[in-house]
Protein chains: 2
Amino acid sequence: MSEQQSDVRYRERMQKKKEIMDARIRESSEERGVVIVNTGTGKGKSSAGFGMAARALGHGQRVGVVQFIKGKFATGEEAFFRRFDEVTYHVMGEGYTWETQDRERDTEMAQAAWERARALLRDESVNLVLLDELNIALKKEFLDLPTVLEDLASRPPMQHVVITGRGAPQDLMDVADTVTDMRKEKHAFEAGVKAQQGVEM
Amino acid sequence: MSEQQSDVRYRERMQKKKEIMDARIRESSEERGVVIVNTGTGKGKSSAGFGMAARALGHGQRVGVVQFIKGKFATGEEAFFRRFDEVTYHVMGEGYTWETQDRERDTEMAQAAWERARALLRDESVNLVLLDELNIALKKEFLDLPTVLEDLASRPPMQHVVITGRGAPQDLMDVADTVTDMRKEKHAFEAGVKAQQGVEM
């Protein structure tokens, strides 16, 4: 095949791809808030949520964040996002759950955090709500799943919600619009690399 | 089982979990920059990269971003991250690749973008380099993979790199420290929901 023929084919292929994308964009016409769930054992579930928060801020939107498990290392996001007036930020309780070792207290903290989440889910001035590690609190049964689903369902129609954490309950995935299973293929932590500022695992 | 027994078991389980985590943290002692690859067909690959950029900024670090494919909607991140003095930001070329429909031009733009990436990979004052959608440019063979791998290998030892895009080449995954396969389980776009500001798909 000559170089010219190859160029022609490349153009044709790209033209076809453009037509498919344009058609898909035309067909996708419903404007409403979506529920996005990032689950799985791999890295990036929370980071993707915080990336979406950054993107929303780039569009001049308002963002609410509730962190349901405060990790020892997950302080960079907090330090960063608390800087912005457009961000409401709440972190549940103290330290890792397995450092408090008191189920009753963990449950109380999670429920108090859910009260903060519910306030965001009733505020239509908040465009994006990030419920970081909510799946963990659900899995541990610190929160009542039907209550959570009900609060999600009755939120303002244009509000987007991002929910992260491994082990998302099936009922939550069923009501979600977008679900991504982030699978671990390889992890630096397991190869003996220390968790470090900026790339905590 | 009485409530008291249940509480004791809960404490024991949490204590054990804490011991395992502490041991893993002790064992992970190597401090060095890591290469993180986010690939797969699901949502969140780029968002996770931008979330890590936000986290790094939260730690007062410097960040470099090169976007290898400029999407029609991926403007929120750019608008947001360009605000910060600690961020160097470069976006390749114009519009989607399939809108230029000229392979030679696409290749030139990708190579010019790689020159910007290389400059970041030689600058030890940059703590985190995000090479967004690099995998696409590699897959389309706009860039020479061995050159890319060589530039990655000769970067400053403490510098972290995040590479995103579906279809990561095997040779790149082999040299990466952390690889996440982000799998699409469900996608709002396919259910007819329009891509919207703040949650572009």
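First, a word on what this report is: a plain description of the structure on this page. (Residues numbered from 1 in each chain as written. Chains lettered and ligands numbered in written order. Predicted model: local features only at pLDDT ≥ 70, side-chain atom pairs only at ≥ 80, totals over all residues. Heavy atoms only, no water.)

A short note on the pairing of strand β5 (residues 160-164) of chain A
Within a regular beta strand, the side chains point alternately toward one face of the sheet and then the other, so they alternate between its two faces.
Residue and element names in this part refer to chain A.
Part 1 of the reasoning: Burial analysis of β5 places five of its five residues in the buried class, the great majority of the element.
Part 2 of the reasoning: Relative to β5, strand β1 (residues 35-39) runs parallel, the two sharing four bridges. Bridge pairing in β5 places V37 opposite I163.
Part 3 of the reasoning: In this sheet, β5 lies alongside strand β4 (residues 128-132) in parallel orientation, the contact comprising four bridges. The partner of L130 across the bridge, within β5, is V162. (Buried < 20%, exposed > 50% of the residue type's maximum accessible area, 1.4 Å probe, protein only. Helix = DSSP H or I, 4+ residues; strand = E, 2+ residues; numbered from the N terminus. Pairing = 2+ DSSP bridges.)

Quick look at the pattern of salt bridges
Part 1 of the reasoning: On inspection of all chains with the given rule, the structure shows twelve salt bridges over all chains.
Part 2 of the reasoning: Note that R82 of chain B and E78 of chain B form a salt bridge whose closest N and O atoms lie 3.0 Å from each other.
Part 3 of the reasoning: Linked by salt bridges that have partners in common, E115, R118 and D151 of chain A make up one network. (Salt bridge = Lys/Arg side-chain N within 4 Å of Asp/Glu carboxyl O.)

Some remarks on the nonpolar core
Part 1 of the reasoning: Residues F81 of chain A together with F81 of chain B are the most contacted members of the largest nonpolar core, which totals 38 residues.
Part 2 of the reasoning: Ignoring sequence-local partners within four residues, the contact set of F81 of chain A consists of F50, A53, A54, L57, V87 and Y89 of chain A together with A54 of chain B. (Core = buried A, V, L, I, M, F, W, Y, C linked by side-chain atoms within 4.5 Å. Contact = heavy atoms within 4.5 Å.)

Points about the sheet that holds strand β6 (residues 178-186) of chain A
In sheet architecture, strand pairing relies on hydrogen bonds along the backbone and comes in two forms, parallel and antiparallel.
Part 1 of the reasoning: Read from one edge to the other, the open sheet built from twelve strands follows the order β3(A)-β2(A)-β4(A)-β5(A)-β1(A)-β6(A)-β6(B)-β1(B)-β5(B)-β4(B)-β2(B)-β3(B), with strand pairing classed as mixed. Strands with a single pairing partner mark the edges of an open sheet, and in this sheet they are β3 (87-91) of chain A together with β3 (87-91) of chain B. Each adjacent strand pair in this sheet contributes to an overall mean axis angle of 15°, direction not counted.
Part 2 of the reasoning: Across four bridges, strand β1 (residues 35-39) of chain B lies against strand β6 (residues 178-186) of chain B in parallel orientation. Among the inter-strand pairings, I36 of chain B is bridged to a residue of β6 of chain B, identified as T178 of chain B.
Part 3 of the reasoning: Where helix α2 (residues 45-58) of chain A meets the sheet, its contacts fall on β1, β2 (63-67), β3, β4, β5 and β6 of chain A, and the angle it forms with β4 of chain A comes to roughly 160°. (Axes fitted to C-alpha atoms, helices over the stretch in contact; angles between N-to-C directions.)

Digging into α2 of chain A
All names here are of chain A.
Part 1 of the reasoning: Here α2 spans 20 Å end to end across 14 residues, near enough to the 20 Å set by a 1.5 Å rise per residue.
Part 2 of the reasoning: Taking burial as the measure, the 14 residues of α2 include 14 buried ones, the bulk of the element.
Part 3 of the reasoning: Just beyond α2, the residue with positive phi is G60, at close to 75°. (Expected span 1.5 Å × (residues − 1).)

All we've got here are geometric facts, nothing functional implied.
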